[in-house]
Amino acid sequence: MPPALAVALYRMAQEMAANVVQHANATEAHLRLLTHKGWLAPRADDNGLGFAHALPHPDYLGLSVLPGRARLLNGVLTVASSPTDGTHVRVRVPLPGTADS
């Protein structure tokens, strides 16, 4: 993995974890980095408070920086959240140099 990609993924993981700690009031959280057929897929899941909108309040920088970071890596970001189901953040980034990316 190129060092710049590793650093970018690390920063995204930091932001995901910080959001859980600062906002979710979760009792359980999982941060994973999955790989599949030329793709890297960082993901974060928690059982916290969630939020009712597609993205949280605009005054919270947190999750609002992640879509831009994903786009810079030619990836995509999805966020699913509800007050009853916590928050689930998914990123999908192509791994350079693989045939499927």
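Here, the structure is the one placed above.
Residues numbered from 1 in each chain as written. Predicted model: local features only at pLDDT ≥ 70, side-chain atom pairs only at ≥ 80, totals over all residues. Heavy atoms only, no water.

Colleague: Help me get a handle on the environment of Gly86, residues and values and all.
Modeller: Residue position: Gly86 is located in strand β4 (residues 86-94). Residues Gly86 and Gly48 lie 38 residues apart in sequence; the distance between their C-alpha atoms is 4.5 Å. (Helix = DSSP H or I, 4+ residues; strand = E, 2+ residues; numbered from the N terminus.)

Colleague: Tell me about the side chain of Asp45, residues and numbers included.
Modeller: Structurally, the position occupied by Asp45 is in strand β2 (residues 39-46). For Asp45, the side chain forms a polar contact with the side chain of His88, separated by 2.7 Å. In this structure, Asp45 is in contact with Glu28, Ala29, His30, Arg32, Thr87, His88 and Arg90, ignoring residues within four places of it in sequence. (Polar contact = N/O pair within 3.5 Å; in protein donor to acceptor, adjacent residues only side chain to side chain. Contact = heavy atoms within 4.5 Å.)

Colleague: If you had to explain the sheet that holds β2 to someone new, which residues and values would you point to?
Modeller: The strand order across the open sheet built from four strands is β1-β2-β4-β3, with neighbouring strands paired in antiparallel fashion. Edge strands, defined here as strands with exactly one partner in the open sheet, are β1 (29-36) and β3 (76-82). Across the sheet, the axes of successive neighbouring strands diverge by a mean angle of 10°, strand direction being ignored. Against the sheet, helix α1 (residues 3-24) touches β1, β2 and β4, its axis set at about 10° to β2. (Pairing = 2+ DSSP bridges. Axes fitted to C-alpha atoms, helices over the stretch in contact; angles between N-to-C directions.)

Colleague: Pulling in residues and values, what's your account of the pairing of β2?
Modeller: Where a strand is regular, its side chains alternate between the two sheet faces. Bridge count between β1 and β2: eight bridges; the pairing is antiparallel. For Ala29, the partnering residue across the bridge sits in β2 and is Asp46. The loop that links β1 with its antiparallel partner β2 comprises two residues; one of these, Lys37, has a positive phi angle of about 45°. In terms of strand pairing, β2 meets β4 through six bridges, oriented antiparallel. Note that in β4 the partner of Leu40 across the bridge is Val93.

Colleague: Would you mind going over the environment of Ala24 in detail, with residue names and values included?
Modeller: Mapping Ala24 onto the fold places it in helix α1. Residues Ala24 and Leu49, 25 residues apart in the sequence, show an inter-C-alpha distance of 5.2 Å. Among residues more than four places away in sequence, those in contact with Ala24 are Asn19, Asp46, Gly48 and Leu49.

So yeah, pure geometry; function would need other evidence.
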